[in-house]
Amino acid sequence: MRVLLVGAGGVGTAVTRIATRRRFLSHMVVADYDHSRAQAAVDALPGRGDRFSALRLDAADEGAVRQALSEHRCDILLNATDPRFVMPLFRAALAAGAHYMDMAMSLSAPHPSRPYEECGVKLGDAQFELAGRWAESGRVALVGMGVEPGLSDVFARYAADELFDEIDEIGVRDGADLRVEGYEFAPSFSIWTTIEECLNPPVVYEKERGWFTTAPFSEPEVFDFPEGIGPVECVNVEHEEVLLIPRWVDARRVTFKYGLGDDFIARLKTLHELGLDSTTEVTVPSADGPVRVSPRDVVAACLPDPATLGDRMTGKTCAGTWVTGVKDGKAREVYLYHVVDNQWSMREYGSQAVVWQTAVNPVVALELLATGVWSGEGVLGAEALPARPFLDLLTEYGSPWGLREHTRAVRGGSG
């Protein structure tokens, strides 16, 4: 398989470090707007041979992306950029006749008058509008194939196929006990994406009602995470799983809750109150005269690059899917999860835990597509494909998943 990887940040670099150990990959072009960053990712790979090359590429330039896919004879485009670039890359892959994969979906827009009650433009709507064209092309666009969304959706499919006869709720729950030494505020993932998903109206799905929204950080609950992480308060956050899972898995309710913590939530609220979460450009003075910049990009530039924090981080991160329902006439409750210890991911791959956990899943999916174990046409989420081969291969990669049975995960709310 020949892959065009667009984005050589923390996740993209971790993708290269994982993929270089796998034989399915014949060549990966590592592309980034900053050529030096793409080249650094390639140069850091031991024994890479001629399987990796670096390229300067503007993800917003659809023509240039199409040309790169054609010139390098790439079978698939793997998008490791932030969600702003989903649609140009998505359209470029379609036009070039290549397959496509991303880890986040096209952006949402709140309802103009009832943002905390009704959906406006939902995550992924722009991509699903082109599903027919993708199906006609005979190519697959596998969307939301990171860890959350991605592995969490695989867990939902596995639960539906092998663990339950009827499903009441599928609730993705994410928590960690990570600490970053020397920083009062240092998000372990892209602050641009974190602001987007945390300050947008969260989406909830109920079978009788469909998709609807609620206020940011609503419905707090304490969830007890495995492998020593322990209880963490989680709140509603906008996330792709809620838009993906109901398309292929029958469940009465689907939610996503993230363990952010009061301090993190307070800082996000302050950014919003100051307008620093905005993506609308403003004019600011500079030594070379007035320039237009996005306040959110300024915030991102002022914070440390998450990819560089691994040496200062300690602890574990957990992604998982909590499911309740009925099996063989009896009530059942499980939590399917994947935990990564930062000390392990740094030692084994030189990548901090959060970016490594995100990166490993698209590489597993690439291998399943390359070997024909996964196949399809159109715009698909991971829950549209068989789960067991994915989970088996993830374990083969040296990062096993877990299942906790009969756990009363929700322990009550708090204000």
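Quick note: structure is the one above.
This write-up is about the structure you can find in this document. (Residues numbered from 1 in each chain as written. Predicted model: local features only at pLDDT ≥ 70, side-chain atom pairs only at ≥ 80, totals over all residues. Heavy atoms only, no water.)

What about the nonpolar core?
Spelled out, the test is: The criterion is simple. A nonpolar core is a set of buried Ala, Val, Leu, Ile, Met, Phe, Trp, Tyr and Cys residues joined through side-chain atoms within 4.5 Å. Exposed residues in this analysis have more than 50% of their type's maximum accessible area, buried residues have under 20%, and partly exposed residues fall in between, with area computed by a 1.4 Å probe over protein chains only. Secondary structure elements are taken from DSSP: a helix is a run of H or I of four residues or more, a strand is a run of E of two residues or more, and numbering for both begins at the N terminus. Here, two residues are considered to be in contact whenever any of their heavy atoms come within 4.5 Å of each other.
Counting residues in each nonpolar core, the largest one holds 93 residues, and the members touching the most others are Trp 374 and Phe 390. With 11 residues, the single largest contributor to this core is helix α13 (residues 353–370). Residues contacting Trp 374, with those up to four places away along its chain left out, are Leu 142, Met 145, Val 154, Ala 365, Leu 368, Leu 369, Ala 382, Leu 385, Pro 386 and Phe 390. If you look at the next biggest cluster of nonpolar residues, it comprises 28 residues, including Leu 4, Leu 89, Ala 92 and Leu 130.

With respect to the sheet that holds strand β19 (residues 378–380)
Hydrogen bonding along the main chain pairs the strands of a sheet, whether they run parallel or antiparallel. We apply this condition: What makes two strands pair is DSSP finding at least two bridges between them. Angles here are taken between N-to-C directions and fall from 0 to 180 degrees, while the axes themselves are lines fitted to C-alpha atoms, restricted in helices to the stretch in contact.
Spatially, seven strands are ordered β3-β2-β1-β4-β5-β6-β19 in an open sheet, and the strand pairing comes out parallel. With partners counted over all chains shown, the strands left at the sheet margins are β3 (52–56) and β19, one partner each. Pairs of neighbouring strands in the sheet enclose a mean axial angle of 20°, with direction left out of account. Across five bridges, strand β1 (residues 2–6) lies against strand β2 (residues 27–32) in parallel orientation. Paired with Val 3 across the two strands is Met 28, which belongs to β2.

Describing empty space enclosed by the protein
Take a probe with the size of a water molecule and roll it over the atoms, and the empty space left behind shows itself. What counts is decided by this rule: Definitions used throughout: a 1 Å grid over protein atoms alone; a cavity as a set of points that fits a 1.4 Å probe which cannot get out; a pocket as an open set with protein on both sides within 12 Å along at least five of seven lines; a lining residue as one with an atom within 4 Å of a point. Grid points are joined across faces, edges and corners, and a volume is the space filled by probe spheres set on the points. Residue polarity follows a fixed list, in which Ala, Val, Leu, Ile, Met, Phe, Trp, Tyr, Cys and Pro are nonpolar, Asp, Glu, Lys and Arg are charged, and the others, Gly among them, are polar.
Using the criterion set out here, one finds one cavity of 30 Å³ or more in the structure. Computed from the structure, the largest cavity encloses a volume of approximately 90 Å³. Residue lining of the largest cavity: 16 residues in total, with Ala 109, Gly 120, Val 121, Thr 213 and Glu 238 positioned closest to the centre. Along the lines of polarity and charge, the residues of the lining of the largest cavity split into eight nonpolar, five polar and three charged.

A closer look at the side chain of Glu 241
The condition is simple: By the counting scheme adopted, Arg and Lys are positive, Glu and Asp are negative, and His together with the chain ends is not counted. The term salt bridge refers to a pairing of a side-chain nitrogen on Lys or Arg with a carboxyl oxygen on Asp or Glu at a separation within 4 Å. We call two N or O atoms a polar contact when they sit within 3.5 Å, provided that within protein one can donate a hydrogen and the other can accept it, with sequence-adjacent residues counted only if both atoms are side-chain atoms.
Structurally, the position occupied by Glu 241 is in helix α9 (residues 240–248). One buried charged residue, Glu 241, remains without a salt bridge, the closest side chain of opposite sign being Arg 173 at 9.5 Å. Polar contacts involving the side chain of Glu 241 include one to the side chain of His 239, which spans 2.7 Å. Glu 241 has contacts with Glu 148, Pro 149, Ser 152, Asp 153, Val 172, Pro 246, Val 254 and Phe 256, leaving out every residue within four places of it along the chain.

Some details on the packing of helix α3 (residues 62–71) against helix α4 (residues 86–96)
Our working definition: Oblique is the label for every angle not falling under 35 degrees (roughly parallel), over 145 degrees (roughly antiparallel), or within 65 to 115 degrees (roughly perpendicular). A clockwise turn of the near helix away from the far one marks a right-handed crossing, whereas an anticlockwise turn of less than a right angle marks a left-handed crossing.
Axis separation between α3 and α4 bottoms out at 9 Å; the angle between their running directions is 45°. Considered as vectors, α3 and α4 are oriented oblique to each other. Crossing of α3 over α4 shows right-handed handedness. Taken together, the residues of α4 that come into contact with α3 (itself represented by Glu 62, Val 65, Arg 66 and Leu 69) are Pro 88, Leu 89, Arg 91, Ala 92, Ala 93, Ala 95 and Ala 96. In terms of residue class, the contact of α3 with α4 is built from eight nonpolar, no polar and three charged.

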